[in-house]
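Architecture at a glance
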Amino acid sequence: MTRSSTRLPLAAWDHRYLWHPFTQMEEWEADTPLIIEKGKGSYLIDAQGRKYLDGTSSIWVNLHGHRHPHLDRALTRQLRQIAHSTFLGLTNPPAIRLARELIRLAPKGLRRVFYSDNGSTAVEVALKMAVQYWQQIQPTAGPKQSFAHLKMAYHGDTIGSVSVGNIELFHARFKPLLFPTHQVEPPYCYRCPLGRTYPSCDMACIDPLERLLETRHRELAGVIIEPLVQAAAGMMVAPPGYLARVRELCTRYNVLLIVDEVATGFGRTGKMFACQHEGVTPDLMAISKGLTGGYMPLAATLTTEAIYRAFLGRYDEWKTFFHGHSYTGNPLGCAVALANLEIFRREQTLAQVRKKSRLLARLLQPVAELPHVGDIRQCGFMVGIELVENRETKAPYPLERRIGHRVAQMCRVRGLLLRPLGNVIALVPPLSMRPRELTKMVAILHSAIRETTENLASAS
Ligand code: PMP
């Protein structure tokens, strides 16, 4: 068979056999699927050889570009040793070395690494650890097993992580399965729920969390938060100091702080971890996505020695953490994650991101002038561009007009792949994206937003 004759059935087989995530399959089946065969640096290459800038870092995972030689080598080198052995009752060199390196890089005070294999599960592990921790350190006190979180939070798709999330579109269907939680308004400065303006507001939006902790701390196991940026909610960037105040409150009321660094971790915000911008050490930290630079599914939950020690005891004290997955501590994933972290040193990735973030901010200035751009929020290489029907009143586009989707479709035709978050265009390029590629990406986006919003205005 020739190459082109093998390609044709793939689209049909995709339609016939697959079910894609977060996808209306009726719409998918009516369209020709974009089949990505290769990648190189900041580009994805489809089955016809067309190149696209990867504006989402392949859903926020890729850091140093596709087919990075150092990562390719690390993976193949490990493959010559072994692909997988269980982590239950056994251990392996890449998993050990990676844990040591993660602890070196993590906020000071985090001392233990518990592996899993996706972001939702890393969050799930943190929730379970928190609940069991309180049971074990104060066995005679009343149950301390509920959680507080922000509205519009997204922490993953498993039942536990959905329970502490609150995006109507994704989560409403599953309410009957979810455990009850306490939710407070997030810091969403563009549409401040209190109608106030930062900094004169003195972050009044944190007061409900304080009141909640004051009244409910005896039953609260933890507060879970995406540090600095509520990503899936629309790249909502918290005002400086917000996270540090959450940390203070958790400490004051003896409630664990769980940070979900799944999206923000590994240099996305200009520091290795977002909580390091505010000198915050959480009690539990979930990481995944960038951990392997977009090569292998891997995740971890990091915690303090105090929490770890609460799980020690004789076997028949039943303090063991009974949780684990078949692919926990997978050597291929851990080996490539180690190489991924080495690149940060070799290529001065964090300094580069900080420098290129300033360039990105400058490039985005003309986008901010467009008549239907309501707000641009940026934290390092995480950008949210909120499109609005009316800039003066901030009236949102009705969701059924699918403005974000339309812009993304137009970008795709012009060689840029994006994944919108409702009316918010999310721009999350690989950290290695070159200045001229950033320029090209923003130019495509600018023209796509301008034309799509103009077309929509003239059609209505
Ligand atoms: N937490 C956050 C903050 C996320 O952005 C995501 C994924 N977008 C998750 C958790 C879930 O990660 P995964 O998709 O790997 O389960």
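The chain is annotated in an unreviewed UniProt entry as Adenosylmethionine-8-amino-7-oxononanoate aminotransferase from Nitrospira defluvii. Quoted verbatim from the Pathway (unreviewed entry) field of UniProt, the annotation for the chain is "Cofactor biosynthesis; biotin biosynthesis; 7,8-diaminononanoate from 8-amino-7-oxononanoate (SAM route): step 1/1." Entered under Function (unreviewed entry) in the UniProt record, the comment concerning the chain runs "Catalyzes the transfer of the alpha-amino group from S-adenosyl-L-methionine (SAM) to 7-keto-8-aminopelargonic acid (KAPA) to form 7,8-diaminopelargonic acid (DAPA). It is the only aminotransferase known to utilize SAM as an amino donor."

Moving on: the overall build of the chain. Looking only at helices and strands, the chain has 15 helices and 17 strands in total. Its C-alpha radius of gyration of 22 Å places the chain within 12% of the 23 Å reference for a compact globule of 460 residues. Expressed as a percentage of contacts within the chain between residues at least 6 apart in sequence, the contacts between residues at least 24 apart total 72%.

Further remarks concern the sheet that holds strand 1 (residues 36-40). Strands in a sheet are paired, the pairing made by backbone hydrogen bonds, and the direction either parallel or antiparallel. Taken together, the four strands give an open sheet; going across it, the order is 1-2-3-16, and neighbouring strands pair in mixed fashion. Looking at the sheet topology across the chains shown, the edges are occupied by strand 1 and strand 16 (416-417). Two strands pair when backbone bridges link them, and strand 1 and strand 2 (residues 43-46) are joined in this way by four bridges, in the antiparallel orientation. Looking across to strand 2, one finds that lysine 38 is bridged to isoleucine 45.

On to the sheet that holds strand 11 (residues 284-287), then. As summarised here, the arrangement of the seven strands in space is 4-12-11-10-7-5-6, forming an open sheet in which the pairing is mixed. Taken across any chain shown, the strands that pair with only one partner, and hence form the sheet edges, are strand 4 (110-116) and strand 6 (182-184). When the angles between neighbouring strand axes are averaged without regard to direction, this sheet yields 20°. As paired elements, strand 7 (residues 220-225) and strand 10 (residues 256-260) share four bridges and run parallel to each other. Opposite isoleucine 224, over in strand 10, you have isoleucine 258 as the bridge partner. Packing against the sheet, helix 9 (residues 207-216) makes contact with strand 5 (146-150), strand 6 and strand 7, and its axis sits at approximately 155° to strand 6.

Near the ligand lie 14 residues; those nearest to it are Gly119, Ser120, Gly156, Val262 and Ala263. By residue class, the composition of the shell around the ligand is six nonpolar, six polar and two charged.

Mapped onto the fold, valine 237 is located in strand 9 (residues 236-237). For the pair formed by valine 237 and arginine 377, sequence separation is 140 residues and the distance between their alpha carbons is 6.4 Å. Apart from residues lying up to four places away in sequence, valine 237 is in contact with Leu228, Val229, Arg377 and Cys379.

Here helix 12 (residues 331-346) is 16 residues long and its end C-alpha atoms lie 22 Å apart, about the 22 Å a rise of 1.5 Å per residue gives. Most of helix 12 sits inside the fold, with 13 of its 16 residues counted as buried. Following helix 12 by one or two positions, glutamine 348 adopts a phi angle in the positive range, close to 50°.

This next bit is on the environment of alanine 368. Looking at where alanine 368 falls in the secondary structure, it is placed in helix 13 (residues 349-368). Residue alanine 368 is classed as exposed on the basis of its C-beta count, with 12 C-beta atoms lying within 10 Å. Once the C-alpha coordinates of alanine 368 and tyrosine 133 are considered, the two residues, 235 residues apart in sequence, prove to be 47 Å apart. With sequence-adjacent residues up to four places away left out, alanine 368 is seen in contact with Val373 and Ile376.

Per the UniProt record, "modified residue: N6-(pyridoxal phosphate)lysine" (unreviewed entry) is annotated on Lys289. Looking at the secondary structure, you find lysine 289 in the loop between strand 11 and strand 12 (299-304). Discounting chain neighbours no more than four positions away, the residues touching lysine 289 are Trp60, Val61, Gly119, Val262, Ala263 and Gly265.

Segmentation of the chain into domains returns domain 1 (34-64 + 348-459) and domain 2 (72-346). Placing a centre on the C-alpha atoms of domain 1 and another on those of domain 2 gives a separation of 27 Å. Taken together, the 28 residues of domain 1 in the interface contact 25 residues of domain 2. When residues of the side of domain 1 that touches domain 2 are traced back to their parent elements, those giving at least two are helix 3 (57-60), helix 13, strand 13 (373-379), strand 14 (382-390) and strand 17 (424-427). Ranked by residue count, the leading element in the side of domain 1 that touches domain 2 is helix 13, at five residues. Across the side of domain 1 that touches domain 2, the residue classes break down as 13 nonpolar, ten polar and five charged.

Thresholds applied
Residues numbered from 1 in each chain as written. Predicted model: local features only at pLDDT ≥ 70, side-chain atom pairs only at ≥ 80, totals over all residues. UniProt positions renumbered as here; feature names shortened; annotations may be inferred. Helix = DSSP H or I, 4+ residues; strand = E, 2+ residues; numbered from the N terminus. Rg over C-alpha atoms; globule rule 2.2 N^0.38 Å. Contact = placed C-beta atoms within 7 Å. Pairing = 2+ DSSP bridges. Axes fitted to C-alpha atoms, helices over the stretch in contact; angles between N-to-C directions. Near = placed C-beta within 6 Å. Nonpolar A, V, L, I, M, F, W, Y, C, P; charged D, E, K, R; others polar. Expected span 1.5 Å × (residues − 1). Buried ≥ 20, exposed ≤ 12 C-beta atoms within 10 Å, placed from the backbone. Domains from an automatic or database assignment.

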